[in-house]
Amino acid sequence: MAHAHRPLQALIFDVDGTLAETEKDGHRPAFNAAFAEQGLDWYWDEQHYGDLLAVAGGKERIRHFVAQTHSELLAGEHFDALIHRLHRQKTAHYLARVAAGSLPLRPGVAETLRAARSLGIRLAIASTTTLDNVHALLNATLGPSASSWFDVIGAGDVVAAKKPDPAIYHWVLQKLDAPKSACLAIEDSRIGLLAARAAGLACLVTPSAYSAGQDFSDAAGVIEDLSVLSKTLPRRQKQVSQN
Ligand code: XBP
Ligand code: MG
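Residues numbered from 1 in each chain as written. Chains lettered and ligands numbered in written order. Predicted model: local features only at pLDDT ≥ 70, side-chain atom pairs only at ≥ 80, totals over all residues. Heavy atoms only, no water.

**Quick word on the nonpolar core**
Thinking step 1. Counting 36 residues, the largest nonpolar core has Leu11, Phe13, Ile125, Leu138 and Phe150 as its most contacted members.
Thinking step 2. Going through the elements one at a time, strand 1 (10-13), helix 4 (79-99), helix 5 (109-119), strand 2 (122-126), helix 6 (131-142), strand 4 (183-187), strand 5 (202-205) and helix 9 (227-238) are the ones with two or more residues in this core.
Thinking step 3. In this structure, phenylalanine 150 is in contact with Phe13, Leu113, Leu123, Ala124, Ile125 and Leu138, ignoring residues within four places of it in sequence.
Thinking step 4. Formed by 24 residues, the second largest nonpolar core is a distinct cluster that contains Ala167, Leu173, Val205 and Phe216. (Core = buried A, V, L, I, M, F, W, Y, C linked by side-chain atoms within 4.5 Å. Buried < 20%, exposed > 50% of the residue type's maximum accessible area, 1.4 Å probe, protein only. Helix = DSSP H or I, 4+ residues; strand = E, 2+ residues; numbered from the N terminus. Contact = heavy atoms within 4.5 Å.)

This is the structure:
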């Protein structure tokens, strides 16, 4: 049975891969710089990093890598402290890259955000990455007030389980206080799509460099970039999800 059509009230954006291509030249080199700083000879090349993206969350990703390649370290007394130290350093390197302006927004992102604001469609973020990273990216690409465009920013460790777990979407939906059927999630990856769908949201996918070719059969639509969305937003505002 088709559900009632509701006007679109809110867009909920993923960050990495969706707003900007942050993984290959942002997060990946930041992890490598942190490894080097700790005197570790670990290095994630572009291809290997693509495989590691199956695990969302930087700390979780490092842990997964260690389990695969240096499992003897896992039981070490100081292992958790090492993960946290590495991740703190990684975040500092990532923030420096963002502040340097090396990570531009993907096509159509700024236009979509502006179109939504002028139509009175609310904005939110549901990301796996660290909260500071989200603020820094918005600040560097859209100006110092851009974080305030978003009614809710859900990020990082605010929930215990990362995507594909729907926890971050549940958290954002609760704060947004809008019916799910009036919200649209925007993701670039299969794990993001799974998280949004498991929270009961319609999800539009804009595949990124690493996620191209993944299975998006459960998406409300697949678009090359958000330029299309910025143009169709007025129409979508009248007619949202059919699921
Ligand atoms: C993308 C991720 C993140 C980043 C690393 O999240 O999987 O883990 O690669 O971020 P999303 P942290 O697509 O949901 O924005 O190191 O800060 O965890
Ligand atoms: Mg993503």
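**Examining the site of ligand 1**
Thinking step 1. Residues in contact with ligand 1 amount to 19 residues; listed here are only the nearest, Gly58, Arg61, His87, Lys90 and Thr130.
Thinking step 2. Interatomic distance of 2.5 Å between a side-chain N/O atom of threonine 130 and an oxygen atom of ligand 1.
Thinking step 3. In the complex, the protein chains occlude 95% of the 450 Å² of accessible area that ligand 1 would expose alone.
Thinking step 4. Looking at the shell around ligand 1, the elements that each hand over two or more residues are helix 1 (23-37), helix 3 (58-69) and helix 4.
Thinking step 5. By residue number, the principal contributor to the shell around ligand 1 is helix 1, which donates 3 residues.
Thinking step 6. Looking at the shell around ligand 1 residue by residue, the classes come out as 4 nonpolar, 9 polar and 6 charged. (Near = heavy atom within 4 Å. Polar contact = N/O pair within 3.5 Å; in protein donor to acceptor, adjacent residues only side chain to side chain. Areas by Shrake-Rupley, 256 points an atom, 1.4 Å probe, with all protein chains shown as cover. Nonpolar A, V, L, I, M, F, W, Y, C, P; charged D, E, K, R; others polar.)

**Description of the sheet that holds strand 4**
Thinking step 1. The strand order 3-2-1-4-5-6 describes an open sheet built from 6 strands, whose pairing is parallel. Strands at the two margins of the open sheet, each flanked by one partner only, are strand 3 (152-154) and strand 6 (221-222).
Thinking step 2. Note that strand 2 and strand 3 share 3 bridges and pair parallel. Pairing of alanine 124 across the sheet is with valine 152, part of strand 3.
Thinking step 3. Helix 8 (residues 190-198) contacts strand 4 and strand 5 of the sheet and is inclined by roughly 165 degrees relative to strand 5. (Pairing = 2+ DSSP bridges. Axes fitted to C-alpha atoms, helices over the stretch in contact; angles between N-to-C directions.)

**What to know about the coordination of the magnesium ion (ligand 2)**
Thinking step 1. Bound to the magnesium ion (ligand 2) are the protein donor atoms Asp14 (OD), Asp16 (O) and Asp188 (OD), situated 2.1 to 2.2 Å from the metal.
Thinking step 2. Taken in chain order, the donor set of the magnesium ion (ligand 2) reads D-x1-D-x171-D. Residue aspartate 14 is located in the loop between strand 1 and helix 1, and its partner aspartate 188 is located in the loop between strand 4 and helix 8; the two are separated by 174 residues in the primary sequence.
Thinking step 3. Given a relative accessible area of 6%, aspartate 14 falls into the buried group. (Donors = N, O, S within 2.8 Å, 3.2 Å for Na, K, Ca; no water.)

**What to know about the packing of helix 1 against helix 3**
Thinking step 1. It is at 12 Å that the axes of helix 1 and helix 3 come closest, and there the two elements cross at 60 degrees. The angle between helix 1 and helix 3 falls in the class oblique. In this structure, the crossing between helix 1 and helix 3 has a hand that is right-handed. Each of Glu23, Phe31 and Phe35 in helix 1 lies in contact with helix 3, whose residues at this interface are Gly58, Arg61 and Ile62.
Thinking step 2. Class assignment for the residues of the contact of helix 1 with helix 3 results in 3 nonpolar, 1 polar and 2 charged. (Parallel < 35°, antiparallel > 145°, perpendicular 65-115°, else oblique. Left-handed = near helix turned anticlockwise from the far one by under 90°.)

**Structural notes on helix 1**
Two residues of an α-helix separated by three or four positions point the same way, owing to the 3.6 residues in each turn.
Thinking step 1. Along its 15 residues, helix 1 runs 20 Å from first to last C-alpha, staying within 8% of the 21 Å computed at 1.5 Å per residue.
Thinking step 2. When helix 1 is considered as a whole, its buried residues turn out to be Glu23, Gly26, His27, Arg28, Pro29, Ala30, Phe31, Asn32, Ala34 and Phe35.
Thinking step 3. Check the buried side of helix 1 and you find it contacts helix 2 (46-52), helix 3, helix 4 and helix 6.
Thinking step 4. At the exit of helix 1 stands glycine 39, carrying a positive phi of roughly 75 degrees. (Expected span 1.5 Å × (residues − 1).)

**A short note on the environment of arginine 190**
Thinking step 1. Mapped onto the fold, arginine 190 is located in helix 8.
Thinking step 2. In this structure, the C-alpha to C-alpha distance between arginine 190 and arginine 122, residues 68 residues apart in sequence, is 24 Å.
Thinking step 3. Excluding its chain neighbours within four sequence positions, the residues that come into contact with arginine 190 are Gln214, Asp215 and Phe216.

**Side note on unusual backbone geometry**
Thinking step 1. Looking along the chain, the bond that leaves lysine 163 and enters proline 164 is cis, with omega of 15 degrees.
Thinking step 2. Within the element layout of this structure, proline 164 appears in the loop between strand 3 and helix 7 (167-176).

Remember, this is a structural readout, not a statement about activity or role.
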